[in-house]
Amino acid sequence: MAEVRTIPARRVVVTGIGLICGIGNTAPVIWENLMKGKSGMAEITHFGLEGHPVRFAAEVKDFDVYRFVEKKEARKMGRFIHFAMAASAEAMQHAGLVVTEENAERVGVHIGSGIGGFDVMEREHTNLMNGGPRKISPFFIPATIVNLAAGHVSIKYKAKGPNEATATACTTSAHAIGDAYRTIQRGDADAMIAGGAEGAITPLSVGGFASMKALSTRNDEPTRASRPWDKDRDGFVIGEGAGILILEEVEFAKARGANILGEVVGYGMSSDAFHMTGMAPEGEGCRRAMANALKSADLSPDSIDYVNAHATSTPLGDAMESKAMENVFGERALNHTLLVSSTKSMTGHLLGGAGGLEAGITLMAMQKGIVPPTINLDNVDPECRLNYVPHIPVEHEVRYALSNSFGFGGTNGSLIFKRWDGE
């Protein structure tokens, strides 16, 4: 019988972060505003609000796509692609990664979107209704479909390695980063541009989420509307933007002298197999995703210092995730030595872009030794019993951190990062 040899999984590090959301158009600005407890929520400006029961969101502000894409090309892209291009540009510059003829086939892209080009769909449907089929743009389809964010980034940087896109609702970019991590682990690439983007603050999207009673209706105080774990929470606030990480095999990164920001050490997935929008009782699916991430990292729950929670500010979801963390982390969760926060209280919920944004924030928290707060947490729901870092940031050594993302259809993903200490 032939000997079976196991090839050790390759180590994967993060060398670049690119972020854009309602509280900033770059990662440093976003971090600065997180430390200030700044909310990105305000009245919607993207469309007229007549008849809409929800009139606010966390829009990206003062965004100039032409800094990243030529005007002619930008017209061929949906807004989610614009954000992906901007965040990828920041991440690539931050990493100092240059794609060359020599390494192009070893550099890949994995960028997803939960919804894709809703803005283009609505615009082109209007064109169809007003002027007939001849008025539909020839760029309608490529501006809309989810994989074109990854496609355009691949074209821009001439990255000829794996080119993939994920669409798993609000878990999208956590899955994209986790799958890119595994792509490098198994040797199919040496570097990956990975994450997610969303640009779905549109009449149909906002109206649809409002119709299913998923959104907060605090129209008179939007900056206080996103309030994870607060007993008066009434739904999430939709946001837009992107989060992109540059992942590299550790020796590839070292060989080019990269500044290593952290290491990806764990990735877990699960399915609730329960309901199309609701979480399984006791957060059972969330629990398994976190447990699977810990198992893949070969870590005990006691190793985790900080959790950037999915917590969107919905009554059921926040409570179920909190219960899942109690079940995973046990006494450390209940005695408040484990720190947990939801930066969605400031950024809003980027849907498919949330996991990428929050992975970047988690890495910055590790680097800086500061845990960002959960704002608007005035009266903690008695069912939510953990330390949610209310109102102000906390200095805290973060050696290992976990970032959660959960989505409609019961799809769950958890990522674990390790602080880079030069080892």
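Our subject is the structure that appears above.
Since the model is a prediction, treat every value here as computed from it, not as a measurement.

Cut-offs used in this document
Counting restarts for each chain: residues are numbered from 1 in the order of the written sequence. Per-residue local features are limited, in this predicted model, to residues with pLDDT of at least 70; the limit for side-chain atom pairs, both in listing and counting, is 80 or more; totals at the level of whole chains, interfaces and linings are taken over all residues. Only heavy atoms go into the side-chain values, all of them from the structure, while hydrogens and water stay out. Secondary structure elements are defined from DSSP: runs of H or I of at least 4 residues count as helices, runs of E of at least 2 residues count as strands, and each element is numbered from the N terminus. Note on method: radius of gyration uses C-alpha positions; expected globular size equals 2.2 Å times residues raised to 0.38. Surface accessibility follows the Shrake-Rupley procedure with a 1.4 Å probe radius. Residue values consider only the protein chains on display as shielding. A residue counts as positive if it is Lys or Arg and as negative if it is Asp or Glu; His and the chain ends are not included. A single reference atom marks each charge: NZ on Lys, CZ on Arg, CG on Asp, CD on Glu. By definition, two strands form a pair when at least two bridges between them are found by DSSP. Any pair of residues with heavy atoms lying within 4.5 Å of one another is described as a contacting pair. Angular values range over 0 to 180 degrees, each being the angle between N-to-C directions of two axes fitted as lines to C-alpha atoms, with helices fitted over their stretch in contact. For this document, the term salt bridge refers to a Lys or Arg side-chain nitrogen within 4 Å of an Asp or Glu carboxyl oxygen. To form a nonpolar core, buried Ala, Val, Leu, Ile, Met, Phe, Trp, Tyr and Cys residues must be joined to one another through side-chain atoms within 4.5 Å. Relative accessible area decides the class of each residue, using a 1.4 Å probe on protein chains only: under 20% of the type maximum gives buried, over 50% gives exposed, and in between gives partly exposed. Throughout this description, a polar contact denotes any pair of N or O atoms lying within 3.5 Å of each other; where both atoms belong to protein, one of them has to be capable of donating a hydrogen while the other can accept it, and for residues adjacent in sequence the pair is counted only when both atoms sit in side chains. Here a helix's expected span is defined as the number of its residues, less one, multiplied by 1.5 Å. Just so you know the grouping, Ala, Val, Leu, Ile, Met, Phe, Trp, Tyr, Cys and Pro go in nonpolar, Asp, Glu, Lys and Arg go in charged, and all remaining residues, Gly too, go in polar. Throughout this description, any angle smaller than 35 degrees is read as roughly parallel, any larger than 145 degrees as roughly antiparallel, any in the 65 to 115 degree range as roughly perpendicular, and the remainder as oblique. Crossings are sorted by hand: turned counterclockwise from the far helix by less than a right angle, the near helix makes the crossing left-handed, and turned clockwise it makes it right-handed. Disulfides are defined as cysteine sulfur pairs within 2.5 Å.

Some points on the overall build of the chain
Thinking step 1. A count of helical and extended segments in the chain gives 14 helices and 14 strands.
Thinking step 2. On C-alpha atoms alone, the chain measures out to a radius of gyration of 20 Å, which is about the 22 Å that the 2.2 N^0.38 rule sets for 423 residues.
Thinking step 3. Projecting the C-alpha coordinates of the chain onto the three principal axes gives extents of approximately 65 × 55 × 45 Å.
Thinking step 4. Counting only carbon and sulfur atoms, one obtains 52% of the accessible surface of the chain, whose full area is about 16800 Å².
Thinking step 5. Once the 41 positive and 49 negative side-chain charges of the chain are each reduced to a mean point, those two points are 4 Å apart.

Quick word on the sheet that holds strand S1 (residues 12-20)
Thinking step 1. Strand order across the open sheet formed by 10 strands is S5-S4-S6-S7-S1-S8-S14-S13-S9-S10, with mixed pairing between neighbours. Single-partner strands in this sheet number two, and they are strand S5 (163-164) and strand S10 (339-341).
Thinking step 2. Inspection of the sheet shows strand S9 (residues 306-308) paired to S10 by 3 bridges, in the parallel sense. Opposite Val 307, over in S10, you have Val 340 as the bridge partner.
Thinking step 3. Contacts between helix H14 (residues 354-368) and the sheet are confined to S1, strand S7 (241-249), strand S8 (262-271), S9, strand S13 (400-407) and strand S14 (411-419), with S1 contributing the most and set at about 115 degrees to the helix.

Observations regarding the pattern of salt bridges
Thinking step 1. Enumeration according to the criterion identifies 27 salt bridges in this entry.
Thinking step 2. Between Glu 73 and Lys 76 there is a salt bridge, with its nearest N and O atoms 3.2 Å apart.
Thinking step 3. Residues joined by salt bridges that share partners form a network here, namely Arg 218, Glu 221, Arg 224, Arg 227, Asp 230, Asp 234 and Asp 378.

Let's talk about the nonpolar core
Thinking step 1. Counting residues in hydrophobic clusters, the biggest one holds 42 residues, and the most contacted among them are Val 14, Ile 17, Leu 19, Leu 245, Leu 247 and Phe 417.
Thinking step 2. Elements with a minimum of two residues in this core: S1, helix H1 (27-36), helix H7 (172-185), strand S6 (191-198), S7, S8, H14 and S14.
Thinking step 3. No other element matches H14, which puts 8 residues into this core.
Thinking step 4. When residues no more than four places from it in sequence are discounted, the contact partners of Ile 17 are Ala 27, Glu 90, Ala 91, His 94, Ile 244, Leu 245, Leu 261, Gly 360, Leu 363 and Met 364.
Thinking step 5. Core analysis: the next-biggest nonpolar cluster, separate from the first, contains 37 residues, Ala 74, Met 92, Val 99 and Ile 193 among them.

Let's talk about the side chain of Ser 88
Thinking step 1. You can see Ser 88 is positioned in helix H3 (residues 79-95).
Thinking step 2. Separated by 2.8 Å, the side chain of Ser 88 and the backbone oxygen of Ala 84 make a polar contact.
Thinking step 3. The residues touching Ser 88, leaving out its near neighbours within four places in the chain, are Ile 111, Val 153, Tyr 157, Ile 193 and Ile 244.

Overview of H14
Thinking step 1. Compared with an ideal rise of 1.5 Å per residue, which puts 15 residues at 21 Å, H14 spans 21 Å between its outermost C-alpha atoms and is within 8% of the ideal.
Thinking step 2. Across the 15 residues of H14, 13 count as buried, placing the element largely inside the fold.
Thinking step 3. A positive backbone phi angle near 65 degrees is found at Gly 369, which sits one or two residues after H14.

Concerning the environment of Thr 15
Thinking step 1. If you trace the backbone, Thr 15 turns up in strand S1.
Thinking step 2. Here Thr 15 falls in the buried class, since its relative accessible area comes to 2%.
Thinking step 3. Considering only alpha carbons, one finds Thr 15 and Leu 97, 82 residues apart in sequence, at a separation of 8.6 Å.
Thinking step 4. With residues near it in sequence (within four places) discarded, Thr 15 still touches His 94, Ala 95, Ile 246, Glu 248, Ala 253, Arg 256, Ala 258, Asn 259, Ile 260 and Leu 261.

Quick notes on the side chain of Ser 226
Thinking step 1. Structurally, the position occupied by Ser 226 is in the loop between helix H8 (203-211) and S7.
Thinking step 2. If we skip the residues at most four places from it in the chain, Ser 226 touches Met 41, Val 237, Thr 312, Ser 313, Lys 344, Ser 345, Ile 375 and Asn 376.

Section: the environment of Phe 406
Thinking step 1. In this structure, Phe 406 sits in strand S13.
Thinking step 2. Taking the relative accessible area as the measure of exposure, Phe 406 reaches 3% and is therefore buried.
Thinking step 3. In contact with Phe 406, not counting residues within four places along its chain, are Cys 170, Thr 171, Met 279, Cys 286, His 310, Glu 321, Thr 411, Asn 412 and Gly 413.

Some words on the pairing of S14
Thinking step 1. Most of S14 is tucked away, with 9 of its 9 residues classed as buried.
Thinking step 2. What you see with S14 is no split at all: Thr 411, Gly 413, Leu 415, Phe 417 and Arg 419 on one side and Asn 412, Ser 414, Ile 416 and Lys 418 on the other are buried throughout.
Thinking step 3. The pairing of S8 with S14 spans 9 bridges and is classified as antiparallel. Bridge pairing in S14 links Glu 263 to Lys 418.
Thinking step 4. As judged from the 8 bridges shared by S13 and S14, these two strands associate in the antiparallel manner. By the bridge assignment, Ser 403 is partnered in S14 with Leu 415.
Thinking step 5. Connecting S13 to the antiparallel partner S14 that follows it, the hairpin turn spans 3 residues, and Gly 409 within it adopts a positive phi of roughly 85 degrees.

Topic: the packing of H7 against H14
Thinking step 1. Close contact between H7 and H14 brings their axes to 5 Å; oriented N to C, the two are set at 65 degrees. Listed contacts from H14 to Ser 173, Ala 174 and Ile 177 of H7 are Ala 354, Gly 355, Gly 356 and Ala 359.
Thinking step 2. Residues that form the contact of H7 with H14 fall into these classes: 4 nonpolar, 3 polar and no charged.

As for the packing of helix H10 (residues 284-297) against helix H11 (residues 315-329)
For any two helices packed against each other, one specifies the inter-axial angle together with the distance between the axes.
Thinking step 1. Between H10 and H11, the shortest axis-to-axis distance is 8 Å and the interhelical angle comes to 40 degrees. In this view, H10 runs oblique relative to H11, as classed from their interaxial angle. You can see that H10 and H11 cross each other, and the crossing is right-handed. On H11, the residues that touch Cys 286, Arg 287, Met 290 and Leu 294 of H10 are Ala 324, Met 325, Asn 327, Val 328 and Phe 329.

Remarks on the state of the cysteines
Thinking step 1. Enumeration according to the criterion identifies 0 disulfides in this entry.
Thinking step 2. No disulfide involves Cys 384; its sulfur sits 12 Å from that of Cys 286, the nearest cysteine.
Thinking step 3. Overall, Cys 384 belongs to the buried group, its relative accessible area being 3%.

Function cannot be inferred from these measures alone, as they are strictly geometric.
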